[in-house]
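Overview (structure and organization)
The residues making up each chain are set out below.
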Amino acid sequence: MNYRIFQISKSLIPNLEIHNSKDWEIYDEECKRKNISIDNNILNKILKTKDINNYIDLNDNHLIQHIKYNLKNNKYHICKHDDNCKYTIIIYLSKTKTISDKFFVNDTLVTENIWNKNDSKYTGLIFWGNADHEGYIYGNGEREILCIFSES
């Protein structure tokens, strides 16, 4: 499989609003992102999540980005790219109900529901080895994710 879907307790994700004062990088008109730091103990708990802990090296360095979309044009394309890292983790935090999306890893459509409706869990996605990935987001509204990239 090119990717793996997993569930992660919402209690493991810190309050990201404390990082949201300024210093956002404007990627484009509808997307902004910010590199953030998460306490190593919390990061290790995230990385030890059931269903992904066997694929993670806790000794890797990690870049963590908080990414927010404010979609206004009914269709947004995340161009095909790779992240140049051993693995990428995407944690799907929130979205406006009218937003829908399609995501591909190595040209394989992710068919599982990535937006968890459970009040206590988020859905995460992990893929490995510089996998090409791209996505399409449809609708208008907001969408928020947390990405963790291995840097080793």
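Computed from a prediction, not measured in an experiment: that's the story for all the values here.

**Observations regarding the overall build of the chain**
The number of helices and strands found in the chain is one helix and eleven strands. The order of α-helices and β-strands along the chain, N terminus first, is β-β-β-α-β-β-β-β-β-β-β-β. Its C-alpha radius of gyration of 15 Å places the chain within 12% of the 15 Å reference for a compact globule of 152 residues. Seen through its C-alpha atoms, the chain measures out along the principal axes to roughly 40 × 35 × 30 Å. For the chain, the residues scored as buried account for 43% of the 152 residues in total. For the chain, the distance from the average position of its 20 positive side-chain charges to the average position of its 21 negative side-chain charges is 6 Å.

**Examining the sheet that holds strand β8 (residues 108-109)**
Here we have four strands laid out as an open sheet, ordered β5-β10-β7-β8, and antiparallel in their pairing. Of all the strands in the sheet, just β5 (75-81) and β8 have a single pairing partner and so form its edges.

**Quick look at the nonpolar core**
In terms of nonpolar packing, the biggest core is built from 24 residues, with Tyr69 and Leu125 touching the most fellow members. Put simply, the parts of the chain that give this core at least two residues each are β1 (3-9), β4 (62-71), β5, β6 (87-95), β7 (100-105), β9 (121-128) and β11 (141-150). Setting aside chain neighbours within four positions, we find Tyr69 in contact with Glu30, Cys31, Tyr76, Ile78, Ile137, Gly141, Glu142, Arg143 and Ile145. Listed in part, the 20 residues of the second largest apolar core include Phe6, Ile46, Leu47 and Ile64.

**Brief notes about unusual backbone geometry**
Residue Asn74 is not a glycine yet carries a positive backbone phi of 70°. For Asn74, the position within the fold is in the loop between β4 and β5. For Asn74, a relative accessible area of 48% puts it in the partly exposed group.

**What to know about the pattern of salt bridges**
Pairing between side chains of opposite charge can happen when their charged atoms approach one another. Scanning the entire structure with this criterion turns up four salt bridges. Lys80 is the salt-bridge partner of Asp107, the closest N and O atoms lying 2.7 Å from each other. Note that Asp107 is positioned in the loop between β7 and β8 and Lys80 in strand β5, a separation of 27 residues in sequence. Given the relative accessible area of 42%, Lys80 is considered partly exposed. Arg143 is the partner of Asp101 in a salt bridge, and the nearest nitrogen-oxygen pair spans 3.0 Å. Residue Asp101 is found in strand β7, and its partner Arg143 is found in strand β11; the two are separated by 42 residues along the sequence. Taken individually, Asp101 and Arg143 each receive the classification buried, so the pair is uniform in this respect.

**A look at the sheet that holds β11**
Consider a sheet: its strands pair through backbone hydrogen bonds, and that pairing is either parallel or antiparallel. Here seven strands make up an open sheet; going across it, the order is β1-β9-β6-β11-β4-β3-β2 and the pairing antiparallel. Lying at the two open borders of the sheet, with one neighbouring strand each, are β1 and β2 (25-28). Neighbour-to-neighbour, the strand axes of this sheet turn through a mean angle of 25°, independent of strand direction. Looking at chain direction, β6 and β9 are connected through six bridges and run antiparallel. In the strand pairing of β9, Ile91 is matched with Gly124. Running at roughly 80° to β4, helix α1 (residues 40-47) makes contact with β1, β4, β6 and β11 of the sheet.

Procedures and definitions
Residues numbered from 1 in each chain as written. Predicted model: local features only at pLDDT ≥ 70, side-chain atom pairs only at ≥ 80, totals over all residues. Heavy atoms only, no water. Helix = DSSP H or I, 4+ residues; strand = E, 2+ residues; numbered from the N terminus. Rg over C-alpha atoms; globule rule 2.2 N^0.38 Å. Buried < 20%, exposed > 50% of the residue type's maximum accessible area, 1.4 Å probe, protein only. Lys, Arg positive; Asp, Glu negative; His and termini not counted. Charge placed at Lys NZ, Arg CZ, Asp CG, Glu CD. Pairing = 2+ DSSP bridges. Core = buried A, V, L, I, M, F, W, Y, C linked by side-chain atoms within 4.5 Å. Contact = heavy atoms within 4.5 Å. Salt bridge = Lys/Arg side-chain N within 4 Å of Asp/Glu carboxyl O. Axes fitted to C-alpha atoms, helices over the stretch in contact; angles between N-to-C directions.

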